[in-house]
Every structure is written in C-alpha cells, then in structure tokens.
Amino acid sequence: MLCACGTSPQASVPEYTYQVVHTYPHDRLAFTEGLFYQDGVLYESTGIEEQSSVRKVRLETGEVLQKHDLPGAFFGEGIIRWKDRLIQLTYKTQIGFVYDLAGLQELRRFQYPGEGWALTTDGSRIIMSDGTSQLRFWDPETLQETGRLTVTDDGRPVPNLNELEWVKGEIYANIWQTDRIARIDPKSGKVVGWIDLTGLLSDSDRIPRFTDVLNGIAYDAAGDRLFVTGKRWPKLFEIRLVKKS
Ligand SMILES: [Ca+2]
C-alpha cells in the first residue's frame, strides 16, 4: 500500500542506541543535576532544596572526595569549570555560584533571569539551558548573555533541554523526563542525531517514586569516554553509541 500521508518525507535524523562499556557505582541519594569529568575526577551537582551540593567524585568507586553543601533555600543545577573556577546554576532562584575549583569554596554569586537548568562549554563560551527549546550563550568571564539559539528537530522547537555536554563539536542535551539525548549542531541549532537510552537502568535498580529520570552527561575528551547517569540512580554508565540500522 502507498502512504497517502500528504507530507514530505522527514529528513532522516540518525538514531543511536548504546552499548554499556562499564558500570560504576553512583550515590543513590544524589539528585543529579550537573555532571562533567576533568582530570580523572567527576564533578557533580545535586538538586532539591536542603539537599543540594556540588561535589567531586571518584569515578571508579563513586566515593565523594569533596563536597560543598548549598544554603538550604537553593536547588542546585548545572555546573561547568572555567579556568580555576567552578560555576553552578540554581533552579528558580536566579542566582548562580562561583567556587574555587580546588577547594569548592564560594567566591561570589551572580544573577541571571529565568530558570537555570544546565551548563557546558565549547572552550570559549558557556552554553546554558533553561528548560525551554533555547540555549543561551554566556561570556565565561563576565557571565553575561551574548546570544541564544533555538534547538529544532525537523523544523520544530525541542523543549525541555536539560543536562548538557560538549562532545566533539556537538552539544548533547538530554530531554527532561525522557530517555533521549539530542545531538545538536551548535551553529544551526538543528538536531543531527538522537540517542535512545531506553532500558539503560534496569527495573530492578529502580525504587518506585524515588528513582528519577535520566540526567547527567559527562565526556572525557582525552579518553573519548561518555558517561551518563540519572537522578537518584545507583549506577553511572560509560556507554558507546551504536547507530541504529
Ligand atoms: Ca554535563
């Protein structure tokens, strides 16, 4: 039978599934909101008021090496390193924190409008998500906005962009409340690939009404390793992408 759909065929955006390369322990109480990897250490931000923190974690064991707790009113969100500083967003309080990377001591606070969801960097700009289909670019020194980019898939905006990671010239963004990661062209904003992580955390590793959604992408550029986890997941995974045929 012929399809009489009446619309032009969609440009085929490649889809990827995954292979698990390694499984590591992850703090089951960590409501992961931000994640990156730097010089052998995972940096993680956790959310929820009265439970928020920024921490350094040993990848292999999940051991928390260093931790700074946020004041109770703040809900921690995305993090990124810039030079010798660590920058952290908060969810709805419109205040960000700048820490000393080595000691995780608070150096100062700054303000931005709207919600704060995630951060990453292409090496010259900070890239920020706020839960919409837009990404914001910031000057990393002034933390002032320099531009925005709308992320689209086949011409339609992609909302709920959450945790970000810069991976080999693309922006990876996991889509809130899904098992999917968008691979985004940073120039056009177009989704150039979809990663489907369905089934990554098994049902037996989930606690009903406690274990939450996929969130947290980190990339080890030197070792070409991609890490993903989720909110209150007991595991963190190194994965390899496999193109769906
Ligand atoms: Ca990240």
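The model shown is predicted, which means the values in this text are computed figures rather than measured ones.

Engineer: Outline the confidence of the model for the protein chain, listing residues and values.
Structural biologist: Predicted coordinates in regions of low pLDDT should not be interpreted in detail. Taken residue by residue, the protein chain gives an average pLDDT of 95. The fraction at 70 or more is 96%. Under a pLDDT of 50 for its full length, residues 1-8 has, in the predicted model, zero contacts with residues more than four places off or in other chains.

Engineer: Tell me about the coordination of the calcium ion, and please be specific about residues and values.
Structural biologist: The protein atoms that coordinate the calcium ion are Leu 35 (O), Glu 163 (OE), Glu 163 (OE), Leu 164 (O), Glu 165 (OE) and Ile 217 (O), at distances of 2.3 to 3.0 Å. Because the angles between the six donor atoms bound to the calcium ion fall within 44 to 172 degrees, the donor set is best described as irregular. Linear spacing of the donor residues for the calcium ion on their chain is L-x127-E-L-E-x51-I. Here the residue Leu 35 occupies a position in strand 2 (residues 32-38), and Ile 217 occupies one in strand 20 (residues 214-220), the gap between them amounting to 182 residues.

Engineer: Describe in detail the sheet that holds strand 20, supporting the description with residues and values.
Structural biologist: Pairing in this open sheet of eight strands is mixed, and the strands run 16-17-18-19-1-22-21-20 from one edge to the other. Only two strands of the sheet have a single partner each, and these edge strands are strand 16 (161-167) and strand 20. Each neighbouring strand pair of the sheet contributes to a mean axis angle of 30 degrees, computed without reference to strand direction. Examined bridge by bridge, strand 18 (residues 180-184) and strand 19 (residues 191-196) share five bridges and lie antiparallel to one another.

Engineer: If you had to explain the sheet that holds strand 12 (residues 134-138) to someone new, which residues and values would you point to?
Structural biologist: Overall, antiparallel pairing links the four strands, which are arranged 10-11-12-13 in an open sheet. Two strands in the sheet have a free side with no partner beyond their single neighbour: strand 10 (118-121) and strand 13 (145-150). The sheet shows a mean angle of 25 degrees between the axes of neighbouring strands, taken without regard to direction. Sheet analysis places strand 11 (residues 126-129) next to strand 12, joined by four bridges and oriented antiparallel. In the strand pairing of strand 12, Ile 126 is matched with Trp 138.

Engineer: Just give me the short version of the nonpolar core, but keep the residues and values in it.
Structural biologist: For soluble globular proteins, the rule of thumb is that nonpolar side chains tend to be buried together. By size, the foremost hydrophobic cluster in this structure holds 17 residues, and its most contacted members are Ile 181, Leu 197, Leu 200, Val 228 and Ile 239. At the level of elements, strand 1 (15-25), strand 20, strand 21 (225-230) and strand 22 (235-243) are the ones that each hand at least two residues to this core. Among residues more than four places away in sequence, those in contact with Leu 200 are Tyr 18, Val 20, Val 228, Trp 233, Phe 237 and Ile 239. Counting 16 residues, the second-largest nonpolar core is a separate cluster that includes Leu 135, Phe 137, Val 151 and Ile 171.

Engineer: Just give me the short version of the environment of Phe 210, but keep the residues and values in it.
Structural biologist: As for its position among the elements, Phe 210 is in the loop between strand 19 and strand 20. Assessed through its relative accessible area of 24%, Phe 210 is described here as partly exposed. Spatially, the C-alpha atoms of Phe 210 and Pro 186 are 34 Å apart, while their sequence positions differ by 24 residues. Not counting residues up to four positions away in its chain, the partners in contact with Phe 210 are Arg 28, Leu 29 and Arg 232.

Engineer: I'd like to hear about the packing of aromatic side chains, residue by residue, with values.
Structural biologist: This model, assessed by the stated rule, comprises 13 aromatic pairs. Taking 6.5 Å as the distance between ring centres and 65 degrees as the angle between the ring planes, the aromatic pair formed by Tyr 91 and Trp 117 counts as edge-to-face. Of this pair, Tyr 91 sits in the loop between strand 7 (85-90) and strand 8 (95-100) while Trp 117 sits in the loop between strand 9 (106-111) and strand 10, and the two are 26 residues apart along the sequence. Residue classification places Tyr 91 among the partly exposed residues on the basis of a relative accessible area of 22%. Residue class for Trp 117 comes out buried when judged on its relative accessible area of 8%. Among the aromatic residues, those joined into a cluster by ring pairs are Phe 31, Phe 75, Tyr 91, Trp 117 and Trp 176. A cation over an aromatic ring shows up here: Arg 125 above the ring of Phe 137, its NZ or CZ 4.0 Å from the ring centre. Across the ring face of Trp 194, the terminal group of Arg 180 is positioned such that the distance to the ring centre comes to 4.7 Å.

Cut-offs and rules
Residues numbered from 1 in each chain as written. Predicted model: local features only at pLDDT ≥ 70, side-chain atom pairs only at ≥ 80, totals over all residues. Heavy atoms only, no water. pLDDT = per-residue confidence, 0-100. Contact = heavy atoms within 4.5 Å. Donors = N, O, S within 2.8 Å, 3.2 Å for Na, K, Ca; no water. Tetrahedral: all angles 85-135°; square planar, octahedral: opposite > 155°, others 65-115°. Helix = DSSP H or I, 4+ residues; strand = E, 2+ residues; numbered from the N terminus. Pairing = 2+ DSSP bridges. Axes fitted to C-alpha atoms, helices over the stretch in contact; angles between N-to-C directions. Core = buried A, V, L, I, M, F, W, Y, C linked by side-chain atoms within 4.5 Å. Buried < 20%, exposed > 50% of the residue type's maximum accessible area, 1.4 Å probe, protein only. Phe/Tyr/Trp six-rings, centres within 6.5 Å; stacked < 30°, edge-to-face > 60°. Lys NZ or Arg CZ within 6 Å of the ring centre and 35° of its normal.

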